[in-house]
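Letter by letter, the chains look like this.
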Amino acid sequence: MNRFYLILAMTMLWCTSIFAQPLTYAEQSFSIGLGVPAISNYDYSSRSPALTAIYEYGFSDKLGIGYVGGGALLSFAGSDYDYRYLDTPFTSEYNYVVIGPRAAYHFDMVEITGDSFWSNIDVYGGMFLGIRFQSYKYTNHSNGSEQEDNKSKLATDIFTGIRYSFHDQIGAFAELGYGVAYLNLGVNIRF
């Protein structure tokens, strides 16, 4: 399945008819995507793909070799793990929600490289600082006992991404980082 995501991302990134440019002043962007789950040694009986929603607003005119954008991220992922210990069946359920502000710098690749090929591609990188909510539920099926635990903690991320458009306003994005997934792929709308 990981090869599928890689091939999909590469296909989207190198299409010949691309209209995207860096996010500029007062431009807005909304992205929704699915994340490739974190690598794990457990055999999950079910796992939801990480769902991510990102809003961004262009805060600056050209600043150096690009533009500054800022906004917010909301991500969700969950999984169930069924296992046996000493012939007793157990289930563990995990849910993660990550929310908070983020900022990105969108590079003007034409200015950096002097090549018009890059005028069609929005390359960016940035930082996220928010809160990660975690919930855990453990069930012993032999006696019906349950334990629950809920935590919240600081969540940070450094990410990099690339966007391109099928049309002036609708396109696709790929982003590497770690909110609740290492790689997010999805749809981007600019307005």
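What counts and how
- Residues numbered from 1 in each chain as written.
- Predicted model: local features only at pLDDT ≥ 70, side-chain atom pairs only at ≥ 80, totals over all residues.
- Heavy atoms only, no water.
- Salt bridge = Lys/Arg side-chain N within 4 Å of Asp/Glu carboxyl O.
- Helix = DSSP H or I, 4+ residues; strand = E, 2+ residues; numbered from the N terminus.
- Patch = residues over 30% accessible without salt bridge, like charges linked within 9 Å, V, L, I, M, F, W, Y side chains within 5 Å.
- Areas by Shrake-Rupley, 256 points an atom, 1.4 Å probe, with all protein chains shown as cover.
- Buried < 20%, exposed > 50% of the residue type's maximum accessible area, 1.4 Å probe, protein only.
- Phe/Tyr/Trp six-rings, centres within 6.5 Å; stacked < 30°, edge-to-face > 60°.
- Lys NZ or Arg CZ within 6 Å of the ring centre and 35° of its normal.

K.L.:
Any chance you could explain the pattern of salt bridges here in plain terms?
P.N.:
Once their charged atoms are close, side chains differing in charge can pair, the charge on each being opposite to the other. Overall, the coordinates contain eight salt bridges when judged by the stated rule. Ionic pairing is found between Lys 62 and Asp 108, a salt bridge with its closest N-O pair at 2.5 Å. Placement of the pair is Lys 62 in the loop between strand S3 (50-58) and strand S4 (66-85) and Asp 108 in the loop between strand S5 (88-107) and helix H2 (109-113), with a sequence separation of 46 residues. Each of Glu 27, Glu 56, Asp 122, Arg 163 and Arg 190 takes part in one network of salt bridges that share partners.

K.L.:
Please clarify how a nonpolar patch on the surface should be interpreted in this entry.
P.N.:
A surface patch of nonpolar side chains, amounting to about 720 Å² of accessible area, comprises Phe 30, Ile 32, Tyr 55, Phe 166, Ile 170, Val 187, Ile 189 and Phe 191. Elements with a minimum of two residues in the nonpolar patch: strand S1 (28-36) and strand S9 (183-190). Within the secondary structure layout, Phe 30 lies in strand S1. The exposure class assigned to Phe 30 is partly exposed, which follows from its relative accessible area of 31%.

K.L.:
Please explain the packing of aromatic side chains as it appears in this structure.
P.N.:
The way to describe two aromatic rings as a pair is by their centre distance and the angle between their planes. Applying the stated criterion across every chain, the model contains five aromatic pairs. Between Phe 90 and Tyr 138 the ring centres are 5.3 Å apart and the planes differ by 20 degrees, which places this aromatic pair in the stacked class. Here the residue Phe 90 occupies a position in strand S5, and Tyr 138 occupies one in strand S6 (residues 122-140), the gap between them amounting to 48 residues. In terms of burial, Phe 90 and Tyr 138 fall into one category: buried. The interplanar angle of 75 degrees and the centroid separation of 5.1 Å between the aromatic rings of Tyr 105 and Phe 107 together place this pair among those described as edge-to-face. Residue placement shows Arg 102 over the ring face of Phe 159; its charged tip is 3.9 Å from the ring centre.

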